[in-house]
Amino acid sequence: MKKRLFLILIVLCTAIASVWAQQRSISGTVKSKEDGLEMPGVSVYVKGTQNGTITDAEGKYQIRIAGNEKTLVFSFIGMATKEIEIGSATIINVELEPENLKVDEVVVTALGIQRDKKTLTYSSQQVSGEEMMKARDINFMGSLSGKTAGLEIRKSTSGAGGSTRTVLRGSKSVNSVSDPLYVIDGIPMVNNKGGQSGMWGGTDEGDGLSQINPDDIESISVLKGATAAVLYGSAGANGVIIINTKKGKEGKTSVTFNSANTFENIISTPNLQFSYGSVGGAAESWSTTKGDYASDYVKDFFETGYNLENSIAVSSGNNKQTTYFSYGNTSSGGVIPNNSYQKHNITFKQSAKLLNDKITLTSNVMLASETTHNRNTGGYYLNPLTGLYLFPRDRDFADYKTNYQYFDTDRNMYLQNWFTSADNQSNPYWLINKQPKEDLTKRVIASLNLEYQIAAHLKFQARGSYDYAIKSYEQKFYAGGNTVNISTNGRWAYKKYTDKQAYTDGIFTYDNRFGKISLTAVAGASYQESVFGDGVSVDNGTNALLYPNEFYFQNLPSNVQVQSIYGGKIIKEGLFGSVQLGYKDMLFLDLSGRNDWSSTLALTGNESYFYPSFGVSGIVSQMVQLPEFISFAKLRASNSTVNNEVPWGLIQVNNTINSSGGVDRNTRAPFTDAKPEKLVTWETGADVRFLNGRLGVDFTYYHITSTNQALSKTLSGGEQDDYYTSAYFNAGKITNDGVEIVVTANPVDAKNFKWNTNLNFSKNTNKVVELYPGDNSKYIDLGSSEGYYARVYSGGAIGDMYGIKFRRNETGQIILDETSGKPLKTSSDDLQYLGNLEPNFSLGWNNNFDYKRFSLGFLVNAKIGGKCFSQTESMLDGYGVSKRTADARDKGYVSINAIKGTTAVTQIDPQTYYSAVGGRNGIAEAYVYDRTNIRLSQVSLSYNFDVKELGLPIQNASFSLIGNNLLFLYKKAPFDPELSMSTDLNSQSLDNFNVPATRTYGFNLKITF
Amino acid sequence: MKKILYLFFAAFLMNSCTNGFEEANVNPYEISDESLTQDFNHIGSFYPSLLSNIFGHQIEENLVAESYCDYMAPPSPFAGGVNNTTYYITWNTYWDRIYNNLMAPASQVIDIAEEGGYDVFVAWAKLIRILGMSRLTTYHGPVIYTTYGQTNSSYDSEETLYNAFFADLDEIQAVFAANEDYAGMKKFDASYSGDITNWEKLVNSMRLKLAIRISKVAPALAKAQGEKAIADPAGLIVSNDDNFNISLYGSDLYLSIICFQWNDTRMSAGMESFLVGLKDPRISKYFQPATNASLYADHPAYPYKGIRNGAYLVAKDDHTAFSMINSSFESITERPYMTASEVYFDLAEAALRGWEGAGDAQTNYEAGVRASFAQWGASGVDAYLADDTSKPIDYNDPVYSGTINDFTSRSTVTVKWNDADSNELKLEKIITQKWIAGFTNPNEPWADFRRTGYPKLPTVYKNDSNSDWGIIPANEWIKRMPFVNSERTSNPAGVAAAVATMKGGDLISTRLWWDTGNSNF
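**Some words on the overall build of chain A**
At step 1: A tally of helices and strands in chain A yields 12 helices and 54 strands.
At step 2: In summary, chain A has a C-alpha radius of gyration of 31 Å against a globular reference of 30 Å for 1009 residues, a match within 12%.
At step 3: Relative to its full complement of 1009 residues, chain A shows a buried share of 48%.
At step 4: Considering only contacts within chain A whose residues lie at least 6 apart along the sequence, 69% involve residues at least 24 apart.

Here it is, written out as structure tokens:
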């Protein structure tokens, strides 16, 4: 072994010495292989140096090289880069091939291991950074929607920096959000979600994704099944999203400047009326006398938002080392006044080759700083939109806008000026001015990666990373705010905590070929230690501060606890191995296994658990003769098991010190017999490409069974054995069945005009087969919100929604109360099924047209089927401010098929009807909508400047016009069902005074020097 | 090469599964039983939390007992104006508070105390369980008490339950009596600073309270227990100094939060009718004047206005100018559970029922009123007790036109005792005064109202009861709370067995055991 190494070294040294120094000139022509035409603007450079040039209009180039320089590199956007050994030639002519015909696509898989896509035994999809950022969605994960099959993305309505809910292949658990694992360059990333808003207010506290500089992203690989994820262990049970970041490239130093500037407007407000006012000073607008009242104040409240994203990236390198540096700056202003967001990102990535290139050392440091002011809120409480929409029409809003505060002579200070003290509304302008909220995140992710080519076929890789974030959330509520939530001296809500995660792994890779057999073997170990949410929190709520409007610890009353908070500490250790065998490059077998040790299962005897996976794939087109129009065909099948640790903090339970100075005794049973959750995935699929790859179809079917979930059970008085009031136990069975179809096509491929299109179809069927063994009447409420219950029974599905319906007789007539004449409700004790919140299927249709230097892209997203629910509409009806209620008053009645006593009723008084059906705790059935929506999600039109022609001293320049979420082609719901009040498991597709959906439009300029 | 591999894995394996796994599960900001043993906090430190969960909050007390006994009423048309207060059950959560925050932890604490031989703490926790459970049973009827925590736990019929309460009070009193010098409770006892003789008085007063509660349905048992309470050498709570108050432990009184911060509760119309009508000086101690003079134009000398319970309400703001509770409630630090006045009124009723040792009914009645005046710092008790003309007034809701929410007082009771009155009228006076004196502690007054029909409170204006939870006739009142949904779904057989011991279905119209519906004597 050592001997061979030594020999290689000597040979290398001699070779280098013999060709030292001496300069000479090489020239040639670069043509396109497709059409034989000369290619101008092709970059030609000597590998590993900064010595380079560009072909002229005739495709000709000339370059001087030193005698020891051996390889020329030819590259052009959209073409496969070609490397040519120089040897002794003086003329080198080259033909370049378009890149998209390539079948041998390399994808990044688990732990950063690069593999030929054709060898994969499971489904994965890759989206380039360029494609991702084409339309500059400010929450970049949102732009993946429709570009990969099987991925459901919902954004919160909290604006820039807000969180995203991403689910691959359906919800697999009733006690966690089924978020996939995010991985940056092979290393798991912390993506902790902060608090979410609910119907009683609160704010989305963001997640970890927004801290990434989207311009650093080279590509994103989506490993959908657990099969793909087995090497990451349990964290990858819900799929893995791998973010590959850019690195320095060998060759010329390049500087890329990108500037994206978009503007943002709400698409629409709810349909409101402005013709009927209130009676006798009521908060509701139930007058039946028509008037003409001011209406502009609603739309005037919303502003035009902006998102300015500027980034600069410097890349340089030679064959010994590469460097990538970037700085990104994002500045946004939301559509709600005083909502703004600033972000700075710095990335520094350096890679060096040592020890005769046998060791590659890569270090990467990513710094992010985010500041959000007044992030949008949801729910009834302290939300400016409740007061804005519900305002009685006959009152003067303009006055409340200007004078949102008044000087109170009794207290010698300014207080809120609003016409009602109701809990669910405040002066909108008071809220946006006198309740400043600031969220800060500072984060550093530092990693070091060492690759050591031990021998020709054996490589060792060791990685370590440390991810550290400090987050703080602070809101100052001035005295005079709504007394249901704010003390008479104001309220201070402050929270600050750190998230940290250390990760390290070591992996051996052996790669060899024995005749017809190829072998890749991987063995490794990983260690991960995370401490989340460790910090301090205080909120005086309605306990009066000592002095008004002073927001710091000294001003807290003695009955308010300053709390140390803790999200948990988890240690995970893993040993894993995988073997891939290939036969004649057409039949592949994957076997892998992993053993995890998880600290959350300590003391249970189940902390060590093993799980295997296997898969096969065969390239049929190489095995048998297929018709000529089939250029490639592959079949694949795999099975994997992933065991998932239980959540933190279930085993050891202790008592808490309460604000009264006493101790609350723990009454939750320690989960000492916990077992890991288990996910078994079967997946089979086919990848077929026709007509030289111009049409491709990838089909996948999967079946995922999750069992042994850690379910929590509240024990009622009759079940409190051993004096425990709640307990966890392993049970439940949830299945997800689904189909994913990806069609890629290149229908037009002429010299000046190209059309690439891509269709992503996914359908997932979720079923809760069993929850509590032997008890089908038990259910789990995943979230409830006055009339809306996200509830699952065994036999149901995650996303099932329950609520109150109209009480009807056998013939379907609505029963009216015999005295009040109001529609009767079904019993509050017997909630009715209202529908499921997930779409039946999703479609994304992405297109790209290239005409000469123009490029036009658009993406259409469709979510078909499913239901959604609007508490906003219910409230608007209850307050008589929806357009509906005015139309009904114009007409004089609401049509109804009802019965009162024994008398059939066909018309009902609008106020009687809407005040019973709408409002809080109305009849939910009336506010359930079809969630089907089809939208033009993204449009971009870009022009690539002919920098040569223009004589600009730059390499590249492009300008694009971009738009996001531009218009709905079809939508029945009065709000955008893809936006959520919360990105948790509850409150999905629920509208409770959410900020309306917005469209963004603007331009992007990219210049590379 | 192999060696490196081997070493690598060996090093890893040796390291794994050992380092810090157990500690990782420990929340560093929680206190363990082990740490609590320092200064002997491992038993005593739980008592403040147990005691503070005896009372309920808005949806457990304010919108249940406090509304049904007509102390306070909401201005807010909660849940579209159809809710508990209009007899459509919307909130029913007191059960969970009592079991989850009192029974479960108290029972655990009893186990720890027994193990350590802390007999007094065992007795104390058992007494606290009775303090809570004796309230909960007035909501539902049968509850799980004697077999609580056992694998085959079952509901006790009310008869079994009260017998169990009395037996347990015997046991508790025996321990207290044998340990009167014990000083271990001092640090944890905010009510009596660890003075066990005070707790003995509470035990006797509780026994008397429960005896009075069952006096109609089980007169012999009630008499025996009542007389036992009266005869016990430790005595009863007959001085305001001995009142059993539970500390708020730094928190605000729930009622104060609901009234001042949320604007969700106001003086009830029933309180206005009685306090204004009887010219009761305590009115200014309980309430604040309404903020708009036009509201009390019908009795400007008493500038107070209440809201009818079960009212027809359009918008919350319509009634928020009505009388709030007195602002002094914002700064109180404890609330009464058992007062001398209540004990006197119980003794007055006991006297009417001929229980030995109860003394004279009039003396007890007047002592009860005096104790209440003293407790609330009100003056003019002599004139009050001598008033035989003032009567409860009729009520008008000035916000809504016509007769909406209005009522004519059913009661013509006066304050002055008249020995010539019938026992029935005497009882009406006693219970009416017990009701007024019990303000902020609505549990027993609601039970008294159901048991005796006094005071003669108005019905609800808006009755939304229907077959879902039981129908309350127009001239009747709610009789109980249904069993909670969690029990109905998780323990249907247990609930069915409990219902079988009741006088009707699991409905709000079914009378509890001690609510016989028969005459009072």
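**Brief notes about the overall build of chain B**
At step 1: When you go through chain B residue by residue, the secondary structure sums to 22 helices and 4 strands.
At step 2: Over its C-alpha trace chain B gives a radius of gyration of 25 Å, about what one expects of a compact globule, namely 24 Å for 521 residues.
At step 3: With the principal axes as the frame, chain B shows a C-alpha extent of 105 × 55 × 45 Å.
At step 4: Going through the 521 residues of chain B one by one, you find that 57% of them count as buried.
At step 5: Within chain B, residue pairs in contact and separated by at least 24 positions form 72% of the contacts whose partners lie at least 6 positions apart.

**Focus on unusual backbone geometry**
At step 1: Between Y454 of chain B and the following residue, P455 of chain B, the backbone shows a cis peptide bond with an omega angle of -5 degrees.
At step 2: Position of P455 of chain B among the secondary structure elements: in the loop between helix 20 (443–452) and helix 21 (485–490).
At step 3: Located in the positive-phi region is N549 of chain A, a residue other than glycine, with phi close to 60 degrees.
At step 4: Tracing the chain through its elements places N549 of chain A in the loop between strand 27 (517–539) and strand 28 (563–565).
At step 5: A residue is classified by how many C-beta atoms lie within 10 Å of it, and N549 of chain A, with 17 of them, is partly exposed.

**Some remarks on the domain arrangement of chain A**
All names here are of chain A.
At step 1: Examined at the domain level, chain A breaks down into domain 1 (2–101) and domain 2 (106–882 + 913–1008).
At step 2: Distance between the C-alpha centres of domain 1 and domain 2: 45 Å.
At step 3: Between domain 1 and domain 2, the residue contacts involve 12 residues of the former and 12 residues of the latter.
At step 4: Of the residues in the side of domain 1 that touches domain 2, the class split is 4 nonpolar, 6 polar and 2 charged.

**Digging into the packing of helix 10 (residues 158–178) of chain B against helix 11 (residues 196–213) of chain B**
Residues and elements named next belong to chain B.
At step 1: Contact geometry for helix 10 and helix 11: axes closest at 10 Å, N-to-C directions at 165 degrees. As judged from the angle between their axes, helix 10 and helix 11 are roughly antiparallel. Relative to helix 11, helix 10 is oriented so that their crossing is left-handed. Seen from helix 10, the contacting residues are Y162, F165, F166, L169, I172, Q173, F176 and A177; seen from helix 11, they are I196, W199, E200, V203, M206, R207 and L210.
At step 2: For the contact of helix 10 with helix 11, a count of residues per class yields 12 nonpolar, 1 polar and 2 charged.

**Here's the deal with the sheet that holds strand 53 (residues 990–991) of chain A**
Backbone-to-backbone hydrogen bonds join strands into a sheet, with any given pair of strands oriented parallel or antiparallel.
Residues and elements named next belong to chain A.
At step 1: Sheet architecture is open: 3 strands sit in the order 49-46-53, paired in mixed fashion. Two strands close off the open sheet at either side, each with one partner strand: strand 49 (928–930) and strand 53.
At step 2: In terms of strand pairing, strand 46 (residues 867–870) meets strand 49 through 3 bridges, oriented antiparallel. Note that in strand 49 the partner of K867 across the bridge is D930.

**Brief notes about the confidence of the model for chain B**
Residue and element names in this part refer to chain B.
At step 1: Mean pLDDT over chain B: 93, with 96% of residues reaching 70 or higher.
At step 2: Counting interchain partners and residues more than four positions distant, the pLDDT-below-50 stretch residues 1–5 has 3 contacts.
At step 3: Overall fold confidence (pTM) sits at 0.86, and the ipTM for the predicted complex is 0.88.

**Digging into the nonpolar core**
Residues and elements named next belong to chain B.
At step 1: Judged by nonpolar contacts, the single largest core of 160 residues is most densely connected at A125, I128 and A348.
At step 2: The biggest single contributor to this core is helix 9 (residues 119–140), with 13 residues.
At step 3: Among residues more than four places away in sequence, those in contact with A348 are A361, N364, Y365, G368 and I430.

**Focus on the interface of chain B and chain A**
Where interface size is quoted, it is often the accessible area lost as the parts come together.
At step 1: Chain B puts 61 residues into the contact, and the matching count from chain A is 68 residues.
At step 2: Of all the secondary structure elements, the ones that give two or more residues to the side of chain B that touches chain A are helix 1 (2–15), helix 2 (21–24), helix 5 (47–52), helix 8 (94–116), helix 13 (254–261) and helix 21 of chain B.
At step 3: Of the residues in the side of chain B that touches chain A, the class split is 28 nonpolar, 27 polar and 6 charged.

**A look at the pairing of strand 17 (residues 251–266) of chain A**
At step 1: Note: strand 17 of chain A against strand 18 (residues 305–317) of chain A, 12 bridges, orientation antiparallel. When the bridges of strand 18 of chain A are listed, N258 of chain A appears paired with S311 of chain A.

**Some words on the pairing of strand 5 (residues 71–75) of chain A**
Residue and element names in this part refer to chain A.
At step 1: Alternating positions in strand 5 separate cleanly, L72 and F74 being buried on one face and T71, V73 and S75 remaining unburied on the opposite face.
At step 2: In the sheet, strand 2 (residues 43–46) pairs with strand 5 via 4 bridges, with the strands oriented antiparallel. The partner of V44 across the bridge, within strand 5, is F74.
At step 3: Pairing analysis gives 4 bridges linking strand 5 to strand 6 (residues 82–85), with the strands arranged antiparallel. Looking at strand 6, one finds that F74 is bridged to K82.

**Re the sheet that holds strand 5 of chain A**
Residue and element names in this part refer to chain A.
At step 1: Here we have 4 strands laid out as an open sheet, ordered 3-2-5-6, and antiparallel in their pairing. Each edge of the open sheet is held by one strand with a lone partner, namely strand 3 (52–54) and strand 6. Across the sheet, the axes of successive neighbouring strands diverge by a mean angle of 20 degrees, strand direction being ignored.

**Points about the environment of V415 of chain B**
Residue and element names in this part refer to chain B.
At step 1: In this fold, V415 is placed in the loop between helix 18 (381–385) and helix 19 (423–437).
At step 2: With 24 C-beta atoms packed within 10 Å, V415 lands in the buried category.
At step 3: Each C-alpha atom of the pair V415 and Q38 lies 55 Å from the other, and the pair is 377 residues apart in sequence.
At step 4: Not counting chain neighbours up to four residues away, the residues in contact with V415 comprise L278, Y384, L385 and D387.

**Re the environment of G129 of chain A**
Residues and elements named next belong to chain A.
At step 1: Following the sequence through the fold, G129 ends up in helix 2 (residues 129–132).
At step 2: Overall, the presence of 19 C-beta atoms within 10 Å leaves G129 in the partly exposed class.
At step 3: Between the alpha carbons of G129 and L96 there is a distance of 23 Å; along the sequence they are 33 residues apart.
At step 4: For G129, the contacting residues outside a window of four places in its chain are I217, E218 and S219.

**Observations concerning the packing of helix 19 of chain B against helix 20 of chain B**
All names here are of chain B.
At step 1: Running from N to C, helix 19 and helix 20 cross one another at 160 degrees; their axes reach a closest spacing of 10 Å. On the basis of their axis angle, the class for helix 19 and helix 20 is roughly antiparallel. Crossing of helix 19 against helix 20: the hand is left-handed. Contacts from L427, I431, K434 and W435 of helix 19 reach helix 20 at P445, D448 and T452.

**What to know about helix 9 (residues 871–878) of chain A**
At step 1: The buried fraction of helix 9 of chain A is high, at 8 of 8 residues.
At step 2: The set of residues buried in helix 9 of chain A consists of Q871, T872, E873, S874, M875, L876, D877 and G878 of chain A.

**Let's talk about helix 9 of chain B**
Residue and element names in this part refer to chain B.
At step 1: Here helix 9 spans 31 Å end to end across 22 residues, near enough to the 32 Å set by a 1.5 Å rise per residue.
At step 2: Where burial is concerned, most of helix 9 is hidden: 21 out of the 22 residues are buried.
At step 3: G141, located one to two residues past helix 9, shows a positive phi value of around 100 degrees.

**Brief notes about the environment of S390 of chain B**
All names here are of chain B.
At step 1: Within the secondary structure, S390 sits in the loop between helix 18 and helix 19.
At step 2: Taking C-alpha positions, S390 is 8.6 Å from T412, a pair spaced 22 residues apart along the chain.
At step 3: Beyond its immediate sequence surroundings of up to four residues, S390 is in contact with G277, L278, K279 and T414.

Rules behind the numbers
- By convention here, each chain's residues receive numbers from 1 onward along its written sequence.
- Chain letters and ligand numbers both follow the written order, the letters beginning at A and the numbers at 1.
- Confidence filtering applies because this is a predicted model: local features only for residues at pLDDT of at least 70, side-chain atom pairs given and counted only at 80 or more, and all residues used for totals across whole chains, interfaces and linings.
- Numbering of helices and strands runs from the N terminus, with a helix taken as a DSSP run of H or I at least four residues long and a strand as a DSSP run of E at least two residues long.
- Here the globule rule reads 2.2 Å times residues to the power 0.38, and the radius of gyration is calculated from C-alpha atoms.
- Here a residue counts as buried when 20 or more other C-beta atoms sit within 10 Å of its C-beta, as exposed when there are 12 or fewer, and as partly exposed otherwise, the C-beta atoms being derived from the backbone.
- Note on contacts: residues are paired as contacts if their backbone-placed C-beta atoms lie within 7 Å.
- For each domain, the first and last residues come from an automatic or database assignment.
- Residues are sorted three ways: Asp, Glu, Lys and Arg are charged, Ala, Val, Leu, Ile, Met, Phe, Trp, Tyr, Cys and Pro are nonpolar, and all the rest, Gly among them, are polar.
- Where helices are involved, their axes are fitted lines through C-alpha atoms of the stretch in contact, as for all axes, and angles between N-to-C directions lie from 0 to 180°.
- Angle categories are assigned with fixed cut-offs, so that under 35 degrees is roughly parallel, over 145 is roughly antiparallel, 65 to 115 is roughly perpendicular, and the rest are oblique.
- If you view the pair so one helix is near and one far, a crossing is left-handed when the near helix is turned anticlockwise from the far one by less than a right angle, and right-handed when it is turned clockwise.
- Strand pairing is assigned whenever DSSP identifies at least 2 bridges connecting the two strands.
- pLDDT is a per-residue confidence score from the predictor, ranging from 0 to 100.
- In this description, a nonpolar core means buried residues of the types Ala, Val, Leu, Ile, Met, Phe, Trp, Tyr and Cys, linked to one another by C-beta atoms lying within 7 Å.
- Residue count minus one, scaled by 1.5 Å, sets the expected span of a helix.

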